[in-house]
Each structure stands twice: as structure tokens, then as C-alpha cells.
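Coordinates in review
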Amino acid sequence: MRGAVIHAPGDVRFENLDDPKIINPTDAVIRTVATCVCGSDLWPYRGAEPIGDPHPMGHEYVGIVEEVGSEVANVRPGQFVVGSFATSDNTCVNCRNGWQSSCLHREFMSTCQADYVRIPNAHGTLVATDEHPDAELVPGLLAVSDVMGTGWYAALAAEVKPGSTAVVVGDGAVGLCGVIAAKELGAERIIAMSRHESRQKLALEFGATDVVSERGEEGVARVKELTNGIGADSVLECVGTAESMRQALHSTRPGGNVGFVGVPHEVALDGQELFFSHVGLRGGPAPVRRYLPDLIDRVLTGRINPGKVFDLTLPLDQVAEGYKAMDERRAIKALLKP
């Protein structure tokens with residue numbers, strides 16, 4: 001088969017790879033219908049994370065089941081499936097508590113920008129749709145496998161409630177999906193922090209009521225101005241930098257909550273400041289599997305359309321251009337079709 005391999009910062013190649021095979025009885029192999037480039041893929045692409053030896057890339061996927069292991073009973077060959085970037089058996093104590101991304105048998109997906117993918121823990125990770133979805137619904141279902149599920153978790157972690165005010169820090173795909181989530185969870189006011197016109201327009205389409213283009217303490221001051229000097233009830237931190245975390249914490253009212261889902265890079269918290277702020281903080285890899293049935297239904301029924309975050313569609317063999325376009329902010333998110 002063919003797939004994306006990263007060799008060095010800025011160097012992603014489309015190469016011949018070994019076909020995936022069933023290794024464990026809980027595995028499945030799927031034929032990819034759509035995959036994509038994630039904002040978190042840009043960390044190694046930009047040299048902000050070590051790469052080591054060349055290795056495959058990609059952790060978002062929808063596809064058709066080709067083969068299943070002997071212990072996989074919930075999906076069968078021929079079905080269209082959606083999965084999570086973190087695999088889970090969905091039966092261990094952490095999974096039963098709703099934290100599938102901390103499954104005791106968790107594996108993070110990392111080979112999905114390819115024609116075929118082996119899915120570990122397929123019996124607890126994959127969710128099949130009743131029938132093959134129409135082509136126009138595929139981008140939304142692909143978004144559910146990570147960015148929509150992660151934006152949903154950010155909103156829940158920030159405890160967005162009906163009638164509340166929410167701030168979304170970050171205008172990438174996760175942040176934009178966080179706007180959708182805040183709207184669905186009943187936020188009355190949603191402040192999107194963005195400096196890019198195309199992303200601002202999409203945030204407003206998704207339900208944002210205000211846009212703040214300032215960053216850092218200027219951005220915080222603008223949020224305070226919009227919230228009677230107090231700050232927001234809930235803040236979704238969807239970037240992962242020290243600046244974005246400071247901005248999120250300082251934009252939150254005493255007693256409010258920050259949900260942080262941007263993978264942290266050089267983020268350090270001041271314990272004294274956090275202690276006296278009375279701000280709650282929760283984050284981590286989103287337990288996407290917990291939300292899959294609900295979010296899949298919202299996409300299939302047309303209630304949400306997170307697939308709009310894909311503003312560039314390319315053949316899979318042009319994956320390198322997808323990385324380049326996102327790195328240069330010419331695209332929010334690149335969808336790849338095998």
C-alpha cells in the first residue's frame with residue numbers, strides 16, 4: 001500500500017509501505033475512505049517535536065472494514081466505520097468511567113494517512129454506521145474521529161452550560177469545532193479569538209456571537225470588556241502554547257473553568273496564581289470514543305456540520321502539499337482522499 005512518512009521537519013513523503021495485517025485477535029484492518037492532516041501533525045513538521053527515524057503519520061480516519069480478528073464481534077467486513085485517534089477496549093475500568101483515551105490497553109493511532117490501516121482494539125474503538133453514508137457526510141464523520149470529538153471534550157471540560165458565556169482560544173479545526181460544541185451545549189455567548197478573516201467567518205457560522213482579534217493580555221482585556229470586567233464562565237484552550245494557556249486562564253472568571261485540549265508545548269503553570277484565581281482546569285487527550293455515537297448521529301441528521309473545517313481536499317498522494325498548506329495557514333485543515 002501507500003502512505004505518508006515523515007523523514008525530517010518539512011519533509012513528508014508518500015511511499016510504498018507494507019500492507020497492514022491482523023496481529024492480535026482484537027484488530028481490524030480498514031480501507032481508508034478519507035483521512036486528513038491534523039494541527040498536531042504540524043508540531044513535528046515544524047521541528048517542535050523530535051522525529052527520530054522516518055515513520056508513518058496520521059491519526060484521523062473513516063473507512064470500510066476489510067478484515068477483523070477472531071475476537072471482534074461489533075463490526076464486520078463491508079461496514080463503514082468511524083474510530084478514535086486513541087484506541088480502547090471500551091471495557092476496562094477507565095473506559096467504563098468514560099475515559100477511553102486512558103484505556104488500560106490504549107494505543108495511539110499513527111499510521112492513518114494511508115490506503116489501509118490496522119486498528120488495534122477494534123472491538124472497542126470502531127463504531128459502524130447503519131449504512132454507507134452519502135459522500136457529502138464523509139467530511140463531517142471524519143471530523144468526529146478527532147477534531148469534533150476534541151472540541152466537544154474541551155467544551156465539557158470547561159463546563160459549558162445553557163445560558164453561559166464561553167471563550168474559544170484558537171481558530172484551528174479544534175477551536176472551530178469547540179464553537180460548535182459550545183453552541184450545542186447551550187452557551188448564550190460564544191467569543192471566538194481569531195485573527196484570520198476566513199476562520200472568523202466560519203466561527204460566526206458555527207455559532208460564535210463575538211470575535212476578538214487581539215492576543216495575549218490585549219485579548220484578555222477585550223474579553224473582560226465584553227464580560228463586564230469579570231471574565232468568561234468557560235474557556236476552551238485549543239492551541240497548546242504558553243501564550244494561549246495564559247490567555248485562557250486570564251480570560252476566565254473566578255469560579256469558571258478552562259478545558260485545555262491543545263497538546264502543551266513549553267506550558268508551565270504558576271501554582272500560586274492558579275490557587276488564588278479559583279479557576280478550574282481540566283484537559284488531556286479527548287475520550288472521543290465516549291462521544292462517537294452521539295456525534296455521529298448529529299452529523300448524519302444534519303444537526304451539525306463540522307466537515308466545513310476542511311477547506312482543502314487533495315488526493316492522498318499529495319499529502320505533502322496538505323502539510324505545507326496548513327503550515328503556511330493557507331488551509332484550516334486538509335482532507336485526503338485515497
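Notes on the structure in this doc start here.

**Observations concerning the overall build of the protein**
Looking only at helices and strands, the protein features 12 helices and 18 strands. Taken against the 2.2 N^0.38 rule, which gives 20 Å for 338 residues, the C-alpha radius of gyration of the protein at 19 Å falls within 12% of a compact globule. In terms of overall dimensions, the protein has a C-alpha envelope of 60 × 40 × 40 Å along the principal axes. Buried positions account for 53% of the 338 residues belonging to the protein.

**Comments concerning the nonpolar core**
A general feature of soluble globular proteins is that nonpolar side chains tend to end up buried together. Membership of the largest hydrophobic core comes to 56 residues, with the highest contact counts inside it found for V62, V82, V144, M148, V160 and L236. In terms of residue count, helix α6 (residues 173-184) provides more of this core than any other element does, 8 residues in total. Other than its neighbours up to four places away in sequence, L236 contacts G151, A154, A155, A158, V160, V167, V168, V169, G178 and G259. Among the nonpolar cores identified, the runner-up in size contains 17 residues, and Y45, L316, A334 and L336 belong to it.

**Brief notes about empty space enclosed by the protein**
This structure, assessed with the given rule, holds 1 cavity of 30 Å³ or more. A volume near 30 Å³ is recorded for the largest cavity. For the largest cavity, the full set of lining residues is V168, G170, D171, G175, L176, V179, A192, M193 and A203. Those elements that provide at least two residues to the lining of the largest cavity are α6 and β12 (189-193). Examining the composition of the lining of the largest cavity, we find that 3 residues originate from one element, α6, more than from any other. Split by residue class, the lining of the largest cavity holds 6 nonpolar, 2 polar and 1 charged.

**Details of the environment of V147**
Residue position: V147 is located in helix α5 (residues 147-157). Assessed through its relative accessible area of 1%, V147 is described here as buried. In sequence terms V147 and F206 are 59 residues apart; their C-alpha atoms lie 14 Å from each other. Among all residues touching V147, those that are not within four sequence positions of it are E60, A173, V174, C177 and K333.

**Quick look at the packing of aromatic side chains**
Going through the model one piece at a time under the given rule, you end up with 4 aromatic pairs. Geometrically, the ring pair formed by F85 and F108 is stacked, given 6.4 Å between the ring centres and 5 degrees between the ring planes. Taken together, the residues F85 in the loop between β6 (80-82) and β7 (86-87) and F108 in strand β8 (residues 107-108) connect sequence positions 23 residues apart. Taking 4.9 Å as the distance between ring centres and 90 degrees as the angle between the ring planes, the aromatic pair formed by F275 and F276 counts as edge-to-face. Accessibility expressed as a relative area gives 61% for F275, which makes it exposed. Taking the ring centre of W99 as reference, the NZ or CZ of R290 above it sits at 4.9 Å.

**A look at a negative patch on the surface**
Together, D130, E131, D134 and E136 give the surface a local cluster of negative charge. Residue classification places D134 among the partly exposed residues on the basis of a relative accessible area of 46%.

**So, unusual backbone geometry**
Located in the positive-phi region is E159, a residue other than glycine, with phi close to 60 degrees. If you trace the backbone, E159 turns up in the loop between α5 and β11 (165-169). Although it is not a glycine, E266 adopts a positive phi angle of roughly 60 degrees. Looking at the secondary structure, you find E266 in the loop between β15 (252-260) and α10 (271-277). Residue classification places E266 among the exposed residues on the basis of a relative accessible area of 79%.

**Digging into the sheet that holds strand β14 (residues 232-237)**
Within the open sheet, the 6 strands sit side by side as β13-β12-β11-β14-β15-β16. Their pairing is parallel. Looking along the sheet, the strands with just one partner apiece sit at the ends: β13 (210-212) and β16 (280-283). The mean angle between the axes of side-by-side strands here comes to 20 degrees, regardless of whether they run parallel or antiparallel. Pairing geometry for β12 and β13, over 3 bridges, is parallel. Along β13, the bridge assignment pairs A192 with V211. Across the sheet, α5 touches β14, β15 and β16, and the angle it forms with β15 is around 155 degrees.

The rules behind these values
Residues numbered from 1 in each chain as written. Predicted model: local features only at pLDDT ≥ 70, side-chain atom pairs only at ≥ 80, totals over all residues. Heavy atoms only, no water. Helix = DSSP H or I, 4+ residues; strand = E, 2+ residues; numbered from the N terminus. Rg over C-alpha atoms; globule rule 2.2 N^0.38 Å. Buried < 20%, exposed > 50% of the residue type's maximum accessible area, 1.4 Å probe, protein only. Core = buried A, V, L, I, M, F, W, Y, C linked by side-chain atoms within 4.5 Å. Contact = heavy atoms within 4.5 Å. 1 Å grid on protein atoms, 1.4 Å probe; cavity = no way out; pocket = protein on both sides within 12 Å on 5 of 7 lines; lining within 4 Å. Points joined across faces, edges and corners; volume = space filled by probe spheres on them. Nonpolar A, V, L, I, M, F, W, Y, C, P; charged D, E, K, R; others polar. Phe/Tyr/Trp six-rings, centres within 6.5 Å; stacked < 30°, edge-to-face > 60°. Lys NZ or Arg CZ within 6 Å of the ring centre and 35° of its normal. Patch = residues over 30% accessible without salt bridge, like charges linked within 9 Å, V, L, I, M, F, W, Y side chains within 5 Å. Areas by Shrake-Rupley, 256 points an atom, 1.4 Å probe, with all protein chains shown as cover. Salt bridge = Lys/Arg side-chain N within 4 Å of Asp/Glu carboxyl O. Lys, Arg positive; Asp, Glu negative; His and termini not counted. Charge placed at Lys NZ, Arg CZ, Asp CG, Glu CD. Pairing = 2+ DSSP bridges. Axes fitted to C-alpha atoms, helices over the stretch in contact; angles between N-to-C directions.

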